[in-house]
Amino acid sequence: STCRALLRGSSGRERTEQDKYSVNAANACAKAAEVDNVVILPLSAEEATEAVLRGKQYPQMKGVDVKSYNLRTILVDPPRAGLDDASRELVNGFDEVLYVSCNPAKLIVDLEGLPNHKIVSAALFDQFPWTDHAEVAVKLVKK
């Protein structure tokens, strides 16, 4: 299943999502795929950044020690404004970055702010035909 493909692979993963419906759906997906090495934390991007970069604990992280994870890959899908400075700092620390952008102009700005990485692949998705809107996915690896 798609759930299994997205959730299986390496040992121990942390996911964050602020929307409670998405958190519930992700938990149901993990359960349906019989995946038990995933922790889905209801955190905002700002909270996740503070937890990973600075070790800050939040009540919804009960029993989760972020420092015990070997976090090497990050998936970011920022708003049209792109990554904020703290998120860019966080992303720069990862070996692999999967960046999905709904604003190619901001993607360029964000890529310039990730000097430790190089693009290894990219894809353009025209999800809204007859409009100028496009989604761009880029895979980056540390240089």
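Coordinates for the structure precede this section.
The sections below set out a description of the structure shown in this document. (Residues numbered from 1 in each chain as written. Predicted model: local features only at pLDDT ≥ 70, side-chain atom pairs only at ≥ 80, totals over all residues. Heavy atoms only, no water.)

### Regarding unusual backbone geometry
To keep things clear, this is the line we draw: Each helix is a run of H or I in the DSSP string that is no shorter than four residues. Each strand is a run of E no shorter than two, and both are numbered from the N terminus. Here's how the labels work: a residue is buried when its accessible area is under 20% of the maximum for its type, exposed when over 50%, partly exposed in between, all with a 1.4 Å probe on protein chains only.
At Glu34, a residue that is not glycine, the phi angle is positive and equals roughly 55°. Note that Glu34 resides in the loop between α2 (20-32) and β2 (38-41). What makes Glu34 exposed here is its relative accessible area of 61%. Here Trp130, not a glycine, exhibits a phi torsion of approximately 65°, which is positive. Topologically, Trp130 is positioned in the loop between β5 (117-125) and β6 (135-142). In this structure Trp130 comes out as exposed when scored by relative accessible area, which is 86%.

### Observations regarding the pairing of strand β3 (residues 73-76)
Selection criterion: Two strands are counted as paired when DSSP detects at least two bridges linking them.
Burial along β3 is one-sided: Ile74 and Val76 are buried, while Thr73 and Leu75, pointing the other way, are not. In this sheet, strand β4 (residues 96-101) lies alongside β3 in parallel orientation, the contact comprising four bridges. By the bridge assignment, Val76 is partnered in β4 with Tyr99.

### Details of helix α4 (residues 85-92)
Our working rule: In this analysis, two residues are considered to be in contact whenever any of their non-hydrogen atoms come within 4.5 Å of each other. Here a polar contact means two N or O atoms within 3.5 Å. Within protein one must be a hydrogen donor candidate and the other an acceptor candidate, and residues neighboring in sequence count only if both atoms are side-chain atoms.
The complete set of buried residues in α4 reads Ser87, Arg88, Leu90, Val91 and Asn92. Where α4 is buried, its residues contact α3 (45-54), β3, β4, α5 (104-112), β5 and β6. Put simply, Asp84 is the residue that caps the front of α4, since its side-chain oxygen is 3.3 Å from the backbone nitrogen of Ala86.

### Quick notes on the nonpolar core
Here is the rule: The set of buried Ala, Val, Leu, Ile, Met, Phe, Trp, Tyr and Cys residues whose side-chain atoms join them within 4.5 Å is what this entry labels a nonpolar core.
Counting 13 residues, the largest nonpolar core has Ile74, Val76, Val91, Val97 and Tyr99 as its most contacted members. Core analysis: the second largest hydrophobic core is formed by nine residues, Leu41, Val64, Val66 and Tyr69 among them.

### What about the pattern of salt bridges?
So the rule is basically this: Salt bridge, as applied in this entry: a Lys or Arg side-chain nitrogen positioned within 4 Å of an Asp or Glu carboxyl oxygen.
Per the counting criterion, the structure on display carries five salt bridges. Of the charged contacts in the structure, one is a salt bridge between Arg54 and Glu89, with a shortest N-O distance of 3.4 Å. With Arg54 in helix α3 and Glu89 in helix α4, this pair connects stretches of sequence that are 35 residues apart. A salt bridge links Arg88 to Asp85, with the nearest nitrogen and oxygen atoms 2.9 Å apart.

### A look at the sheet that holds β3
We count it as follows: Only C-alpha atoms enter the line fits that serve as axes; for helices the fit covers just the stretch in contact. Angles between N-to-C directions range over 0 to 180 degrees.
Read across the open sheet, the four strands follow the order β3-β4-β6-β5; overall the sheet is mixed. With one partner strand each, in any of the chains shown, β3 and β5 form the two edges of the open sheet. Across this sheet, the average inter-strand angle for adjacent strands is 15°, counted without regard to direction. Examined bridge by bridge, β5 and β6 share eight bridges and lie antiparallel to one another. Along β6, the bridge assignment pairs His117 with Lys142. Of the strands in this sheet, β3, β4, β5 and β6 touch α4, which is tilted by about 150° from β3.

### Observations regarding α2
The criterion, for reference: Take the residue count of a helix, subtract one, and multiply by 1.5 Å to get its expected span. Picture the helix axis, draw a direction to every C-beta atom, and the arc is the one those directions span.
In this model α2 runs 18 Å from its N-terminal to its C-terminal C-alpha over 13 residues, within 8% of the 18 Å that 1.5 Å per residue would give. Listed as buried for α2 are Val23, Cys29 and Ala30. In an axial view of α2, the angular spread of the buried residues amounts to 125°, which keeps them on one side of the axis. Residues Lys20, Tyr21, Lys31 and Ala32 are exposed on α2 and point more than 90 degrees away from its buried face. Phi for Glu34, located one or two positions after α2, is positive at around 55°.

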